[in-house]
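Topology and contacts: notes
Spelled out, the chains give:
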Amino acid sequence: MKRLFVLIILFIAAPLSAQDQEMPMPTGGEAEVAEDGGGLSGSVSDDGDWEDLSIAIPGFATDRDQPTAASSGGTSALGKELARVITADLKNNGLFRPTGPDALPQPRFAQISAPAFSTWSGRSAEMLVHGYVKARVDGRLTVGCYLYDVALQDELARDGWVVPPTDWRRAAHKCADLIYSRLTGESPFFDSRIAYIAETGPKGNRTKRLAIMDSDGANHRFITTGRSKALTPRYSPDYKQLLYLSYTDDNPRIYVYDIGTGRQRLVTESTNPTFAPRWSPDGRWILYSMAVGGNTDIYRVSAQGGPSVRLTDTPGIDIGGSYSPDGRKIVFESDRSGSQQIYVMNADGSGQKRLSFFGGRAATPEWSPRGDQIAFTHITGDFRVAVMNPQGGGRRHLTNSWQDEAPTWSPNGRIVQFFRTERNSGRTSLWQVDLTGDNERRLPTPVDASDPAWGPVLP
Amino acid sequence: MKRVVLISMLSAGSLALGACSKKAPEELPPPPVDTSVTTPTASPTPTGPVPGTQAHFENAVNGQNVIYFDTDQYNVDGVDAAALQTQAQYLMQYSNVNATIQGHTDERGTRDYNLALGERRANSAKNYLVGLGVPATRLRTVSYGKEQPVALGSNAQAWSQNRRAATIVIN
């Protein structure tokens, strides 16, 4: 918060005086707006009127069109591109009606901190986003982001970031996060990444590769070649490692993959198959499930390695597991009562009890980062993504399709991502839905996609 | 699917196995001949397959190298037991042959659970073979969950063909 205050001071005479100022990239929570009150409030789940909040997002201005490694068109082309990324972020979540730079006049650099409000009120914009981008002498970029209320002719929020040219999209996501947080009161989530499984090939023998991408599908990268089938990845909370299942040597086992070095190790030194890896919220622990003689149980091991602790010991299949945000409880899946159902236990394995009592099977529980909901796959003939509260009540379906499974939460706990399988063809795709269930959208991926895992807001 | 196995057994007609027929006649129409499942190398050659190869094994067990399961189940029933007995006979006769038992599920389950369920099915078959005298050290299990369906449709008949444990011999 202190740092943000400094930024605001720097910005008072912005944007001109901000030229080549050192502006450290604010981290995580510090990027939130300083002042409280006076903002618009509401939540994703219960305010339909928000559909009509129109936001104009013209191209970001630049003081001088300069070449930058981030765009072949220089900083002025990059300014438009920044606004396009922000527009795409804010679209389709049921809250805003953003209009992007291609349909709007381009403000001049001097107007960024002094908008021509009459222009924007004439276009029925309720909110206005302005911003600028400047190339620094050291090759990095300074990006400023301003949010205005057009009717009040008042500034609601501003922030700024210095980023290497390769990270220019992060600046756009941080601006989208600033706008989203200021207008909804919710925590940010756009500046985050997703790990998933990229699928190609025939249904009977799919090639499955571990892949990662930004929350909007950009900066896509394949991690594995597909020679060994990869499944069920999970990003570590610091984004430095990935847990995933690989059929290396035809043995399905969980590996800990280090993104920086490209090295990987087994989660546990055993020839037994291991499945369903999960991180604790603080990144210190790993949950995995291991089958011994056909019986699967859940184990916990330190992220540094060492001996494992067995948390379940029933004859049924106990599998998966997702920590509550405070790390004290684990929600998991078990068929000890005859069919897949959701159970909860303390983090040491004690106090196991069933949560799901509503007919059908209930699988793949994932605790919301906010702690207030558990998302899961509800199987009653078709597979639907549903949520319930941590006591097992208040169940609501968010999707209604032939086979939707494996929900994973946005970092702020307001959006659930999952994958959808098409009947007969077996083709898969990633989807997002908000907590109302009304706003569903497909996330673009280069090839078919499954097993999504959404990481936290980037450090 | 039990019926596919049973039919192939009856048509083979060479084994007196006393298979339990509790699940035989159901409402399903006769399933298509399951030739797509068997490997192309199974076609007889003038000299015949070499002992210890998968083709030789499948011939010797009359195509009963695969057993099938009901939805979410992993128990070995009468038909499965008959098939596993022929497999055990073969493995006892060719004591230098090891085998991998692959456990599979249909597509109508969640990914992680299906991996565990496939493992449970493979182990059911393995434990039965061990009970018949095949040394456990010669048998390995691997689960593919829902990753490798043999029938590609999304209907009850396809799913019944995919809920299986397949024995693959390794020379």
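**A few points about unusual backbone geometry**
Residue and element names in this part refer to chain A. Positioned with a positive phi, Ala406 is a non-glycine residue whose angle comes to about 60 degrees. Mapped onto the elements, Ala406 comes out in strand β25 (residues 404–409). Even without being glycine, Asp451 reaches a positive phi, approximately 50 degrees. Here Asp451 lies in strand β29 (residues 448–457).

**Overview of the pattern of salt bridges**
Inspection of every chain in the model, using the stated rule, returns 35 salt bridges over all chains. In this structure, the salt-bridge partner of Lys208 of chain A is Glu147 of chain B, at a minimum N-O distance of 2.8 Å. Taken together, the residues span two chains, with Lys208 of chain A in strand β7 (residues 207–214) and Glu147 of chain B in the loop between β3 (139–145) and α5 (156–162). Notably, a salt bridge pairs Arg163 of chain B with Asp106 of chain B, separated by 2.8 Å at the nearest N-O pair. Of this pair, Arg163 of chain B sits in the loop between α5 and β4 (164–170) while Asp106 of chain B sits in the loop between β2 (98–104) and α4 (111–131), and the two are 57 residues apart along the sequence. Take Arg163 of chain B and Asp106 of chain B: they sit in the same class, and that class is buried.

**A word on the state of the cysteines**
Residue and element names in this part refer to chain A. By the definition in use, this model includes one disulfide over all chains. Each sulfur in the disulfide pair Cys145 and Cys175 lies 2.1 Å from the other. Measuring the twist about the S-S bond at about 70 degrees, one finds the Cys145-Cys175 disulfide to be right-handed. Of this pair, Cys145 sits in strand β4 (residues 141–149) while Cys175 sits in helix α4 (residues 168–184), and the two are 30 residues apart along the sequence.

**What to know about the pairing of β4 of chain A**
Residues and elements named next belong to chain A. With nine of nine residues buried, β4 lies mostly within the body of the structure. Pairing of strand β3 (residues 127–135) with β4 involves nine bridges; the strand directions are antiparallel. Of the residues in β4, the one forming a bridge with Met127 is Asp149. With nine bridges connecting them, β4 and strand β5 (residues 154–163) associate as antiparallel partners. Its bridge partner lying in β5, Cys145 is registered against Asp159. Remark: four residues form the turn of the hairpin made by β4 and β5, two consecutive strands paired antiparallel; Gln153 in that turn has positive phi of roughly 50 degrees.

Cut-offs used in this document
Residues numbered from 1 in each chain as written. Chains lettered and ligands numbered in written order. Predicted model: local features only at pLDDT ≥ 70, side-chain atom pairs only at ≥ 80, totals over all residues. Heavy atoms only, no water. Helix = DSSP H or I, 4+ residues; strand = E, 2+ residues; numbered from the N terminus. Salt bridge = Lys/Arg side-chain N within 4 Å of Asp/Glu carboxyl O. Buried < 20%, exposed > 50% of the residue type's maximum accessible area, 1.4 Å probe, protein only. Disulfide = S-S within 2.5 Å. Pairing = 2+ DSSP bridges.

As far as function goes, none of this settles anything; it's purely spatial.
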